[in-house]
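Chain by chain, the residues run as shown.
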Amino acid sequence: MRHLRNWHEECGIVGIAGCTGASELASMALHALQHRGQESAGISATDGYTLATHKGMGLVADVFDESTLKSLGGASAIGHVRYSTTGTSNFKNAQPIQVSSHRGSMALAHNGNLINAHFLRRQMEQDGSIFGTTSDSEVILHLIARSRAETVEEALAAALPQVQGAYSLVVLTKDKLIAARDPYGFRPLCLGRFNDSYVVCSESCALDIIGGNYQRDIEPGELVVLGNGELASRRLGPSQPERRCIFEHVYFSRPDSIVFGQNVEKVRRRCGEILGREHPADADLVCAVPDSSNTAALGYARATQLPFELALIRNHYVGRTFISPAQKVRDMSVRIKFNPVAEVLRNKRIVVVDDSIVRGTTMRKLVKLIRAAGAAEVHLRIASPPITNPCYYGIDTPVRKELIASSHTVDEIATYLRVNSLRYLSLEGLLEATEQRDRFCTACFTGDYPLSFTDEFEKNIFDLQTETREIPDPPVPRQRS
Ligand code: SF4
C-alpha cells in the first residue's frame, strides 16, 4: 500500500568502488531500491579520469537503458532514487548532483533531510553563492568546495559537523568514493562486498541483486573512503545516542533486507505477533493490506491461531500512475489498486492488519470496499502506534493537523473508518519487536524529537524562498542524556 498513504519513502542510494561494470551494477542495485523513491533516478560514474552523470525523472527502467549505461561506463559509480523530501519534484533536484570546483568534479547522492540547510544556504547566498537546485543536499557540496582542507574526504569530514539532521550519503570524485552516515544514524546505510570491491547501499536487498555479500552497517558518525579494494574509516566527531528511524522496520524497508543489522521480515513478524498478543479479536480470519503488512498479518495470525487468508489482491501494475502527490489522483487509486476477494470475505468476521494509519482516508475507502464485498465485521489492527507527529528527518509526512491520530482518539478514528474495532500495537510492543529498544527514533509516535527544529521548517523551504517568505532561524540541537 506503499504510496497510497501519503507517507513516502525518502530516497535510496548506492555506491560501488573499483569494479568493472560499476554503472550497470549500480543500476541493478537501484532497481532493488526502487521502493524508496520513484520520482527520479540517476547514476554518476568515473573511469579514474573523468566523472559523468546521467539522471532523469521516472523509474530506473525509464531513465536507463543498455546504451546509456554503456556510455556512462566507469570503474566506480554512485546512484540515487528519489522521492522529494526537501525541494520540489523536478529534474533539477534529481540526484546525484554533480558539480565542478577547485577540487575537480564531484557528485553527491543523499538520503535524509538536513534541518538547518535553509539557514546555511541563506548565509552562503548572502556571501554570493549560487545554487542550482532547491534540494538541501546541495549545501553539503558547497561546504566541501569552500573547505580549505587538503583532500575531499577531509573537506567532507569538516563539512558534515556543520549540518544537522539526517544523512546517509555517497560522494564520488574521479578517484575516490566516500560514504558517511550522520551521528544519530537516522537513515540506514550498509556495507558489502562484491568480489574484491566494496559496495554501500541503503538496504541489503541492493547487495543481493548484484550477488554481493552484506558485511556490516556503516556506523552512525562514520565516514569511509573506498577504493582499490581498500577501506579507510574515520569518526565524524563525538558519538551521539543512536536514533535509527523505527519506521524503516514498520514500513519503508523491504522485508528481505537487513536494515540496522536486523532482518526486516523478522521484526515485522514479531510486531504482528505482539499485536496479536496485545489485541486479539473474536473473528474468523486474518488478512493483510498487501504488500507491506503481509508479514505483520502472518505474525498476528500465528499469535491468535486464526487462519490467514489472501482477501485483498493488490494490482502491482498501476503504481507508476499513482505516485503523483496530487490529491485527486490518490483518491481514485484505492479501488484500482486493491480488489477484495468476495468469496473469502462474504459473511466472515475479518481482522485486517495494516502497518500504519496516516490520514485515514485510504483506509476508510478500503474498509468500504471490504464491507461491500460481504464482510460481516471488520476489526482493524495496526502494527505500530498512532502517528501523532510529522517527521523532519527525511520522511515526507503530512503536517500534524492532517495526521488523524494527532487530533482524534482511537474510538473516534474507529468511528470515522467505520470498523467494528480498532487497536494499535503499543510503543512498548514495537520496541520489543526490534529487540534493540533504546536505539530508535520514535518521534512520529511520541513527539520526542532527537534534534529540535523550527515550526516553520517545511519541505519546500528553498522553493518558498523565492517568494516573500521569511526564512526561519536555525534549529538548536538538543543533547540527549
Ligand atoms: S520521526 Fe518517525 S519517520 Fe521520522 S525518523 Fe523518527 S521514527 Fe522515522
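Residues numbered from 1 in each chain as written. Predicted model: local features only at pLDDT ≥ 70, side-chain atom pairs only at ≥ 80, totals over all residues. Heavy atoms only, no water.

*Asks:* Tell me about the sheet that holds strand β17 (residues 285–288), and please be specific about residues and values.
*Replies:* One open sheet holds the 4 strands; their spatial order is β17-β20-β21-β22, and the pairing between them is parallel. Every interior strand has two partners, whereas the edge strands, β17 and β22 (421–424), have only one. Ignoring strand direction, the axes of neighbouring strands in this sheet form an average angle of 20 degrees. In the sheet, β17 pairs with strand β20 (residues 349–354) via 4 bridges, with the strands oriented parallel. (Pairing = 2+ DSSP bridges. Helix = DSSP H or I, 4+ residues; strand = E, 2+ residues; numbered from the N terminus. Axes fitted to C-alpha atoms, helices over the stretch in contact; angles between N-to-C directions.)

*Asks:* Explain the packing of helix α9 (residues 264–278) against helix α16 (residues 427–434) residue by residue, including any values.
*Replies:* Two elements in contact, α9 and α16, have axes whose closest approach is 8 Å; the angle formed by their N-to-C orientations is 145 degrees. With respect to the hand of their crossing, α9 and α16 are arranged in right-handed fashion. Here Val 267, Arg 270, Cys 271, Ile 274, Arg 277 and Glu 278 of α9 lie close against α16, whose contacting residues are Gly 429, Leu 430, Glu 432, Ala 433 and Thr 434. (Left-handed = near helix turned anticlockwise from the far one by under 90°. Contact = heavy atoms within 4.5 Å.)

*Asks:* Tell me about the confidence of the model for the protein chain, residues and numbers included.
*Replies:* The share of residues in the protein chain with pLDDT of 70 or more is 88%, and the mean pLDDT across the chain is 89. Note on residues 1–6: pLDDT is under 50 here. Beyond four places in sequence and across chains, it has 41 contacts. (pLDDT = per-residue confidence, 0-100.)

*Asks:* Before we move on, could you go through the site of the ligand and cite the residues and values that matter?
*Replies:* Neighbouring the ligand are Cys 245, Ile 246, Phe 247, Cys 391, Tyr 393, Ile 395, Cys 441, Ala 443 and Cys 444. Each residue belonging to the shell around the ligand can be placed in one class, and the counts come to 9 nonpolar, no polar and no charged. (Near = heavy atom within 4 Å. Nonpolar A, V, L, I, M, F, W, Y, C, P; charged D, E, K, R; others polar.)

*Asks:* Before we move on, could you go through the environment of Cys 245 and cite the residues and values that matter?
*Replies:* Its place among the elements puts Cys 245 in strand β14 (residues 244–245). As a C-alpha pair, Cys 245 and Gly 394 span 149 residues in sequence and 9.7 Å in three-dimensional space. For Cys 245, the residues in contact, after removing those within four places along its chain, are Gly 185, Phe 186, Arg 187, Phe 252, Phe 260, Phe 440 and Cys 441.

*Asks:* Just give me the short version of unusual backbone geometry, but keep the residues and values in it.
*Replies:* A cis amide bond, omega 5 degrees, links Gln 95 with the succeeding residue Pro 96. Within the secondary structure layout, Pro 96 lies in the loop between β4 (76–82) and β5 (97–101). In this chain, Pro 290 is followed by Asp 291 through a cis amide linkage whose omega measures 0 degrees. Inspection of the secondary structure assignment puts Asp 291 in the loop between β17 and α10 (294–304). At Asn 195, a residue that is not glycine, the phi angle is positive and equals roughly 50 degrees. The topology assignment puts Asn 195 in the loop between β9 (190–194) and β10 (197–201). In this structure, Glu 435 takes a positive phi of about 60 degrees despite not being glycine. Assignment of secondary structure puts Glu 435 in the loop between α16 and β23 (440–441). Taking relative accessible area as the criterion, Glu 435 reaches 55% and is therefore assigned exposed. (Buried < 20%, exposed > 50% of the residue type's maximum accessible area, 1.4 Å probe, protein only.)

*Asks:* Please give an account of the pattern of salt bridges that cites residues and values.
*Replies:* Side chains that differ in sign of charge can pair as their charged atoms come close. Applying the stated criterion across every chain yields a total of 19 salt bridges. A salt bridge links Glu 242 to Arg 244; the shortest N-O distance between them is 2.6 Å. Using a relative accessible area of 6% as the deciding quantity, one classes Arg 244 as buried. Between Glu 273 and Arg 302 there is a salt bridge, with its nearest N and O atoms 3.0 Å apart. Placement of the pair is Glu 273 in helix α9 and Arg 302 in helix α10, with a sequence separation of 29 residues. We classify Arg 302 as exposed; its relative accessible area is 52%. Beyond isolated ion pairs, a larger network of salt bridges with shared partners links Arg 36, Arg 187, Glu 203 and Glu 248. (Salt bridge = Lys/Arg side-chain N within 4 Å of Asp/Glu carboxyl O.)

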